[in-house]
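# Close look at the chain arrangement
As a plain string of letters, each chain reads:
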Amino acid sequence: MNAYMQRVLDEVKARNPSEPLFLQTVEEVFKSIEPVVEKHPEYEKYAVLERLCEPDRQVAFRVVWTDDEGKTHINRGFRVQFNGSIGPYKGGLRFAPNVTLDTMKFLAFEQTFKNSLTGMPIGSSKGGSDFDPRGKSDMEIMRFCQAFMTELWRYIGPDVDVPAGDIGVGSREIGYLYGQYKRIKAVWENGVITGKGLSYGGSLVRPEAAGYGAIYYLCEVLKRFGEDIKDKTVAVSGFGNVAWGVCKKVAQMGGKVVTISGPDGYCYDPDGVVTDEKISYLLKMRESGRDRAQDYADKFGCEFVPKSKVWGVKVDIAMPCAYQNEIGMAEAQQIVANGVKYYIEVANMPTTNEALNYLKEHCVVAPSKAVNAGGVAISALEMIQNSMRYNWTEEKVDNKLHQIMTSIYDVSVDAAEQAGFGYDLVAGGNIAGFLRVADAMIAQGIV
Ligand code: GLU
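Residues numbered from 1 in each chain as written. Predicted model: local features only at pLDDT ≥ 70, side-chain atom pairs only at ≥ 80, totals over all residues. Heavy atoms only, no water.

## Considering the overall build of the chain
Each helix and strand in the chain was counted, giving 17 helices and 12 strands. Here the C-alpha radius of gyration of the chain, 21 Å, is about what a compact globule of 447 residues would show, namely 22 Å. Each principal axis of the C-alpha distribution contributes one length, and for the chain these read about 60 × 55 × 45 Å. Total accessible area on the chain stands at roughly 17400 Å², and carbon and sulfur atoms take up 51% of it. Looking at charge distribution, the chain has the averaged site of its 50 positive side-chain charges lying 4 Å from that of its 57 negative ones. (Helix = DSSP H or I, 4+ residues; strand = E, 2+ residues; numbered from the N terminus. Rg over C-alpha atoms; globule rule 2.2 N^0.38 Å. Areas by Shrake-Rupley, 256 points an atom, 1.4 Å probe, with all protein chains shown as cover. Lys, Arg positive; Asp, Glu negative; His and termini not counted. Charge placed at Lys NZ, Arg CZ, Asp CG, Glu CD.)

Structure, rendered in structure tokens:
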């Protein structure tokens with residue numbers, strides 16, 4: 001690595017001793033952008049990389065709420081506003097017991113590149129809490145969301161920072177969060193949060209956007225190899241919002257998703273998660289708050305494999321849609337041994353760096369920063385519709401999503417080729433995302 005990049009990496013490591021996830025993504029990005037950093041000595045002069053790796057600001061706050069028995073609970077809330085050079089901060093909120101500042105920083109850092117790739121005017125942030133939504137009643141969820149927003153509201157706004165959903169935060173939570181923001185500020189600032197319900201300013205196609213976008217991107221990859229999705233089998237992990245959108249679009253296009261998974265194990269459904277009934281059941285499973293994949297196998301009479309991951313199943317395409325680092329070396333070897341040709345990341349950073357390098361040697365790999373950008377891209381379209389106080393048709397939003405995903409693929413392919421990487425979607429996504437942000441940072445001076 002060149003001397004400037006090595007120095008910055010050493011500084012970032014020294015400054016973040018207890019943030020391994022954040023360091024993992026920084027190292028992965030640095031590998032890709034080296035040729036463009038070499039070409040642009042002004043990046044060092046203007047300390048672009050140093051600034052890129054230190055969030056603009058990060059807040060942590062106490063969230064105090066009471067359960068249905070009247071017992072008081074304390075959770076920790078976060079918002080990391082990473083980079084604001086191309087637009088207001090934008091990124092989801094994650095409620096999950098393993099959320100730490102490290103989780104927030106890695107997600108917000110990745111968001112910088114993802115949001116830039118969309119071509120929309122959105123900076124990067126991420127937030128959330130170590131609150132565990134599992135087994136909570138609706139009223140408990142509401143009280144938690146209200147308590148969380150009672151702290152968060154002072155850091156956000158339609159031109160400041162615009163949260164949305166992520167793991168553990170769906171349309172119900174967005175509704176409660178928005179309601180509390182409106183109550184505190186006594187204004188109808190509709191564009192302060194995205195993923196809203198259709199009755200109060202949401203956008204059509206937003207719920208499906210991350211999954212549909214991933215498949216639009218996948219179609220471009222397949223096209224390059226003279227293939228299409230029809231009759232292909234796909235392994236998916238998880239059964240949340242993103243997995244749901246993937247199943248729905250794959251089914252529409254004549255392919256089939258044959259696995260879903262949860263913390264309890266995975267389901268193998270050789271007929272595919274293809275019928276409306278099966279696809280909507282995924283939503284019910286999520287709404288139930290049980291976080292249990294076995295419910296699907298029980299309902300549809302297919303195989304359930306407890307305490308295992310889906311990657312031993314033989315398929316054409318692997319699409320991890322669950323959690324960070326769910327694919328380490330062991331899983332990557334299984335995927336390669338099964339002859340998977342396309343490894344399409346969907347969840348944020350689902351692959352360890354070691355496994356990612358290995359997979360790149362054996363399959364076509366697409367990075368989550370690009371593949372799952374459809375979610376936040378449609379969030380940006382929701383913000384536009386809110387500012388016009390007017391809603392576009394489903395067809396219009398879906399067409400725009402399709403265009404955005406195709407463009408993300410094209411700019412990634414071009415960027416990698418120009419930097420001498422050949423056909424490398426991982427490097428290309430990182431480079432294309434980086435260049436736009438770096439340009440804007442230099443243009444706006446040392447701030
Ligand atoms: N959580 C999603 C993501 O990681 C969506 C963010 C958004 O819509 O702002 O991109």
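## Digging into the nonpolar core
By size, the foremost hydrophobic cluster in this structure holds 105 residues, and its most contacted members are Ile33, Leu49, Tyr217, Tyr296, Met319 and Phe434. Top element by residues in this core is helix H8 (residues 209-224). It accounts for 10 residues. Not counting residues within four places of it along the chain, the set of residues in contact with Ile33 comprises Met5, Leu49, Asn430, Ile431 and Phe434. (Core = buried A, V, L, I, M, F, W, Y, C linked by side-chain atoms within 4.5 Å. Buried < 20%, exposed > 50% of the residue type's maximum accessible area, 1.4 Å probe, protein only. Contact = heavy atoms within 4.5 Å.)

## Re a nonpolar patch on the surface
On the surface, a nonpolar cluster with roughly 280 Å² of combined accessible area is contributed by Ile384, Met388 and Tyr390. When you line up the elements, Tyr390 lands in the loop between helix H15 (373-388) and helix H16 (394-418). (Patch = residues over 30% accessible without salt bridge, like charges linked within 9 Å, V, L, I, M, F, W, Y side chains within 5 Å. Salt bridge = Lys/Arg side-chain N within 4 Å of Asp/Glu carboxyl O.)

## Some words on the pairing of strand E5 (residues 161-164)
Where burial is concerned, the two faces of E5 agree: the one with Asp161 and Pro163 and the one with Val162 and Ala164 are both buried. Judged from the four bridges that link them, strand E3 (residues 89-95) and E5 form a sheet pairing that is parallel. Paired with Gly92 across the bridge in E5 is Ala164. (Pairing = 2+ DSSP bridges.)

## Considering the sheet that holds strand E12 (residues 364-366)
Here seven strands make up an open sheet; going across it, the order is E9-E8-E7-E6-E10-E11-E12 and the pairing mixed. Of all the strands in the sheet, the pair left with one neighbour each is strand E9 (303-306) and E12. Pairs of neighbouring strands in the sheet enclose a mean axial angle of 15°, with direction left out of account. (Axes fitted to C-alpha atoms, helices over the stretch in contact; angles between N-to-C directions.)

## Considering the sheet that holds strand E1 (residues 57-66)
Across the sheet, which stays open at both edges, the five strands sit in the order E1-E2-E4-E3-E5 with mixed pairing between neighbours. Both outer strands of the open sheet, E1 and E5, are each paired with one neighbouring strand and no more. Direction aside, neighbouring strands of the sheet carry axes that sit 20° apart on average. In this sheet, strand E2 (residues 72-83) lies alongside E1 in antiparallel orientation, the contact comprising 10 bridges. Within the sheet, the bridge partner assigned to Val64 lies in E2 and is Ile74. Each of E1, E2, E3, strand E4 (124-129) and E5 is contacted by helix H6 (residues 138-152), which is oriented at about 140° to E1, the strand it contacts most.

## Digging into the packing of H6 against helix H7 (residues 171-185)
Following both chains from N to C, one finds H6 and H7 inclined at 45°, their axes separated by 8 Å at the closest point. Here H6 is positioned oblique relative to H7, judged by the angle of their axes. Along this stretch, H6 crosses H7, giving a crossing that reads as right-handed. Residues Asp138, Ile141, Met142, Cys145, Gln146, Phe148, Met149 and Thr150 of H6 pack against Arg172, Glu173, Tyr176, Leu177, Gln180, Tyr181, Arg183 and Ile184 of H7. When the residues that make up the contact of H6 with H7 are grouped by side-chain class, the tally is nine nonpolar, three polar and four charged. (Parallel < 35°, antiparallel > 145°, perpendicular 65-115°, else oblique. Left-handed = near helix turned anticlockwise from the far one by under 90°. Nonpolar A, V, L, I, M, F, W, Y, C, P; charged D, E, K, R; others polar.)

## So, the side chain of Thr233
Note on placement: Thr233 falls in strand E6 (residues 233-236). The exposure class assigned to Thr233 is buried, which follows from its relative accessible area of 19%. When residues no more than four places from it in sequence are discounted, the contact partners of Thr233 are Lys256, Val258, Lys314, Val315, Asp316 and Ile317.

## Re empty space enclosed by the protein
Under the defined criterion, the tally for this structure stands at two cavities of 30 Å³ or more. Estimated volume of the largest cavity: approximately 100 Å³. If you go around the largest cavity, you meet 13 residues; those closest to its centre are Glu28, Glu345, Met349, Leu356 and Lys369. Breaking the lining of the largest cavity down by element, the ones donating at least two residues are helix H2 (20-39), helix H13 (353-362) and helix H14 (368-371). Take the lining of the largest cavity: its biggest share by element is three residues, from H2. Tallied by class, the residues present in the lining of the largest cavity amount to four nonpolar, five polar and four charged. Roughly 50 Å³ of volume is contained in the second largest cavity. Taken together, Val8, Glu11, Val12, Arg15, Asn16, Glu50, Cys53 and Glu54 make up the lining of the second largest cavity. (1 Å grid on protein atoms, 1.4 Å probe; cavity = no way out; pocket = protein on both sides within 12 Å on 5 of 7 lines; lining within 4 Å. Points joined across faces, edges and corners; volume = space filled by probe spheres on them.)

## Details of the pairing of E3
Burial runs high along E3: seven of the seven residues are buried. As defined by bridge partners, E3 adjoins E4 across three bridges and the pair is classed as parallel. Bridged to Phe95 within E4 is Ser129. Assessed by its sense of winding, the connection that carries the chain from E3 through helix H5 (residues 101-117) to E4 is right-handed. (Right-handed = clockwise from strand over helix to strand, strands pointing away.)

## Notes on the site of the ligand
The ligand sits among 14 residues. The nearest are Lys90, Lys114, Gly165, Asp166 and Ser379. Here an oxygen atom of the ligand sits 2.9 Å away from a polar atom, N or O, in the side chain of Lys114. At a separation of 3.1 Å, an oxygen atom of the ligand approaches a polar side-chain atom of Arg206. If the ligand stood free it would expose 290 Å²; the protein chains cover 93% of that surface. Secondary-structure elements contributing two or more residues to the shell around the ligand are E3, H5 and H15. Tallied by class, the residues present in the shell around the ligand amount to two nonpolar, seven polar and five charged. (Near = heavy atom within 4 Å. Polar contact = N/O pair within 3.5 Å; in protein donor to acceptor, adjacent residues only side chain to side chain.)

## Details of the environment of Lys114
Relative to the elements of secondary structure, Lys114 occurs in helix H5. For Lys114, a relative accessible area of 5% puts it in the buried group. Here the alpha-carbon distance between Lys114 and Ser368, two residues 254 residues apart in the chain, equals 8.4 Å. Discounting chain neighbours no more than four positions away, the residues touching Lys114 are Asn348, Lys369, Asn372, Ala373 and Val376.

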